[in-house]
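These are the residues of each chain, in order.
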Amino acid sequence: MLNILKAEQIKTTTIPRPRQEIIDAYYSLSTSDLAGLVARALDRMGIHTTIPSSILEAVQPGKLLVGPAITVRNIPIQATPYRAWQDEMPTLLGEREAFFLAETGDVIVIDGTSVFPASCLGSMALTVAGHLGVAGVVVDGAVTGLPGIRKGPIPTWARSGTTVTGHQRVETIEINGPLGLHGVRVNPGDLVVADDSGVTFVPQPLIEIVLAEAQSLKEKGAGVQQILATNSDRETLRAELSGFITNLAKK
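Residues numbered from 1 in each chain as written. Predicted model: local features only at pLDDT ≥ 70, side-chain atom pairs only at ≥ 80, totals over all residues. Heavy atoms only, no water.

> Looking at this model, I keep getting lost on the environment of I70. Mind explaining?
Looking at the element boundaries, I70 is found in strand β3 (residues 65–76). On a C-alpha basis, the gap between I70 and T80 in space is 29 Å, while along the polypeptide they are 10 residues apart. (Helix = DSSP H or I, 4+ residues; strand = E, 2+ residues; numbered from the N terminus.)

Quick look at the structure:
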């Protein structure tokens, strides 16, 4: 470890991780609506754990991300930035500790809501994360160096860019504890599923159950494509779609 945090601030150094074939199966669900499809599967189970892109936007559009979460919680430093610089206070940003805890394929999820708009991630840190095998980063907060992040080695989701540095403003208080992001609880080991539409979190105990539900929804949706492929006239298409949708709602 880098000794930025005290040992007791790292709640666990290990997280539950699904088998690689489960990750691959999630990726194969959709290339155009992955996070939304998984969110709908969760909806059918009475679970709302998704955050739309109006809040968490893909910094590099067109990317997909699936992987278990390593969580990072940031809070404000009480000292003013000027006084902290004068006193040569070392940086208390600890996302790099999480990078070194991560295994290949993990996703770093950072709670920066209380320090917004101070930055919780920069392009150099993202490069380090990618070098260490992190699959992607989700920041409920701001990031700096957007041009570098857009060209970075791994995908990133964030609330916005910023010119306000997190150094001397932000302290990482905990790694691998529970987070609360816009009404969504995120535990270490929960599955992160993200695309241009937003970010969906699958509770760790339900990862395989939600996968099966999402696969079922995908199969049902394929029926619409089959109807459209028939090139039927308007009235025939109306009747076929009406019957299909009625049967779909019953299942």
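> Would you mind showing me how to read the nonpolar core here?
In globular proteins that are soluble, nonpolar side chains generally tend to be buried together. If you look at the biggest cluster of nonpolar residues, it comprises 29 residues, and the most contacted ones within it are I70, I108, L121, V134, V137, V139 and I175. When residues of this core are traced back to their parent elements, those giving at least two are β3, α4 (95–101), β4 (107–111), α5 (123–131), β5 (136–143) and β7 (170–175). With sequence-adjacent residues up to four places away left out, V139 is seen in contact with L56, I110, C120, L121, W157, A158 and R159. Ranked by size, the runner-up nonpolar core spans 20 residues in total, among them V66, L191, V193 and L211. (Core = buried A, V, L, I, M, F, W, Y, C linked by side-chain atoms within 4.5 Å. Buried < 20%, exposed > 50% of the residue type's maximum accessible area, 1.4 Å probe, protein only. Contact = heavy atoms within 4.5 Å.)

> Help me understand the pattern of salt bridges, please; the structure alone is not making it clear to me.
Two side chains with opposite charge may pair up if their charged atoms get near one another. Overall, the coordinates contain 8 salt bridges when judged by the stated rule. For the salt bridge of E103 with R17, the shortest nitrogen-to-oxygen distance reads 3.5 Å. Separated by 86 residues along the polypeptide, E103 in the loop between α4 and β4 and R17 in the segment before α1 (20–27) bring together distant segments of the chain. Among the residues examined, R17 registers a relative accessible area of 28% and is labelled partly exposed. (Salt bridge = Lys/Arg side-chain N within 4 Å of Asp/Glu carboxyl O.)

> So what exactly am I meant to see when it comes to the side chain of D106 here?
With respect to the helices, strands and loops of the structure, D106 is situated in the loop between α4 and β4. Judged by its relative accessible area of 1%, D106 is buried. One polar contact links D106 to R17, side chain to side chain, over a distance of 2.7 Å. When neighbours within four sequence positions are excluded, D106 is seen to be in contact with I15, R17, P68, I70, G133, V134, A135 and G136. (Polar contact = N/O pair within 3.5 Å; in protein donor to acceptor, adjacent residues only side chain to side chain.)

> How should unusual backbone geometry be read in this particular structure?
With glycine set apart, most residues show a phi of negative sign, and most peptide bonds adopt trans. Each neighbour pair has its own omega, and for F116 with P117 the value is 10 degrees, a cis peptide bond. Looking at the secondary structure, you find P117 in the loop between β4 and α5. The backbone phi angle of E88 is positive, close to 55 degrees, even though this residue is not glycine. The residue E88 is located in the loop between α3 (81–86) and α4 in this model. A positive phi angle, near 65 degrees, is found at N176, a position not held by glycine. Structurally, N176 is set in the loop between β7 and β8 (179–181). For N176, a relative accessible area of 4% puts it in the buried group.

> Help me understand α1, please; the structure alone is not making it clear to me.
Given 3.6 residues per turn, any residue in an α-helix points the same way as the ones three and four places further on. Every buried residue of α1 is accounted for by I22, I23, A25 and Y26. For α1, the arc enclosing every buried residue in end-on projection is 160 degrees, short of the 170-degree limit, so these residues lie on one face. (Arc of directions from axis to C-beta.)

> Please clarify how a nonpolar patch on the surface should be interpreted in this entry.
Nonpolar side chains collect at one region of the surface, where L2, F100, M124 and V128 lie side by side and expose about 380 Å² of accessible area between them. Note that M124 resides in helix α5. The class of M124 is exposed, set by a relative accessible area of 63%. (Patch = residues over 30% accessible without salt bridge, like charges linked within 9 Å, V, L, I, M, F, W, Y side chains within 5 Å. Areas by Shrake-Rupley, 256 points an atom, 1.4 Å probe, with all protein chains shown as cover.)

All we've got here are geometric facts, nothing functional implied.
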